[in-house]
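Report on the structure
Here's the letter readout for the chains.
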Amino acid sequence: CHTVQAASVDSLLRQCEEAQIVPDVAICDLPSNRGEEGIAAGLALRRRFGALPVLLLSADISDTLVIGAARRDFALLGKPVRPGKLRALLQHLLA
């Protein structure tokens, strides 16, 4: 398992290219009130890597974020995230 942490999509894409990593899943941990950034990041990753499962994590589960995630077939979990729930959802996304 390899993980890449980045503050921006450009940094993330650059790190993946440099390490020659093609992700199996993207987990976007969103700061409060910045759900649109997570959706934009997930879309950018899908453009680069294809049909990639995207999981958004946010403490601010607004209607806008829920609808935006659903429209793009992104999974969404509210923070705090329970380890068992995260594990089960990742297993489902990677199946």
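Throughout what follows, the structure given in this document is the object of discussion. Throughout, a residue's number is its position along its own chain's written sequence, starting from 1. Local features are withheld for residues below a pLDDT of 70 in this predicted model, meaning they are given only at 70 or higher, and side-chain atom pairs are given and counted only at 80 or more; totals for whole chains, interfaces and linings count all residues. The side-chain figures draw on all heavy atoms in the structure; neither hydrogens nor water molecules are used.

**Section: the sheet that holds strand β1 (residues 26-30)**
- Two strands pair if DSSP finds at least two bridges between them. Comment: elements are numbered from the N terminus, with helices defined as DSSP H or I runs of at least four residues and strands as E runs of at least two. If you walk across this open sheet you meet the three strands as β1-β2-β3, and the pairing is parallel. Both outer strands of the open sheet, β1 and β3 (75-78), are each paired with one neighbouring strand and no more. For this sheet, the mean angle separating the axes of adjacent strands, direction not counted, is 20 degrees.
- Where β1 meets strand β2 (residues 54-58), five bridges bridge the pair, whose relative direction is parallel. Note that in β2 the partner of Ile27 across the bridge is Leu55.
- Along the sheet, helix α4 (residues 83-94) makes contact with β1, β2 and β3, crossing β3 at roughly 180 degrees. Angles run from 0 to 180 degrees between N-to-C directions of axes, and those axes are lines fitted to C-alpha atoms, restricted for helices to the stretch in contact. Any two residues whose heavy atoms approach within 4.5 Å at even a single point are treated as in contact.

**Quick notes on the pattern of salt bridges**
- By salt bridge we mean one thing: a side-chain nitrogen of Lys or Arg within 4 Å of a carboxyl oxygen of Asp or Glu. Counting across every chain of the model gives two salt bridges.
- Residues Arg48 and Glu17 are paired through a salt bridge, measuring 3.5 Å at the closest nitrogen-oxygen approach. Taken together, the residues span a long stretch of sequence, with Arg48 in helix α2 (residues 35-49) and Glu17 in helix α1 (residues 9-19) at a distance of 31 residues.
- On the basis of relative accessible area, Arg48 is assigned to the partly exposed category, the value being 41%.
- Overall, Glu17 belongs to the partly exposed group, its relative accessible area being 46%.
- Between Asp29 and Lys79 there is a salt bridge whose closest N-O contact spans 2.4 Å. Buried, partly exposed and exposed residues are distinguished by accessible area as a fraction of the type maximum, computed with a 1.4 Å probe on protein chains only: under 20%, between the cut-offs, and over 50%, respectively.

**With respect to the nonpolar core**
- Definition used in this section: a nonpolar core is a set of buried Ala, Val, Leu, Ile, Met, Phe, Trp, Tyr and Cys residues joined via side-chain atoms within 4.5 Å. By size, the foremost hydrophobic cluster in this structure holds 16 residues, and its most contacted members are Cys28, Leu45, Val54, Leu56 and Phe74.
- Counting only elements with at least two residues in this core, the list comes to α1, β1, α2, β2 and α3 (63-71).
- Of the residues forming this core, the biggest block, four residues, is contributed by α2.
- When residues no more than four places from it in sequence are discounted, the contact partners of Cys28 are Gly38, Ala41, Gly42, Val54, Leu55, Leu56 and Leu57.
- Listed in part, the six residues of the second largest apolar core include Leu55, Leu57, Ala75 and Leu90.

**Describing unusual backbone geometry**
- Lys79 connects to Pro80 through a cis peptide bond whose omega is 0 degrees.
- Tracing the backbone through its elements, the reader meets Pro80 in the loop between β3 and α4.
- The backbone phi angle of Gln20 is positive, close to 55 degrees, even though this residue is not glycine.
- With respect to the element layout, Gln20 can be found in the loop between α1 and β1.
- Judged by its relative accessible area of 73%, Gln20 is exposed.
- Here Asp73, not a glycine, exhibits a phi torsion of approximately 60 degrees, which is positive.

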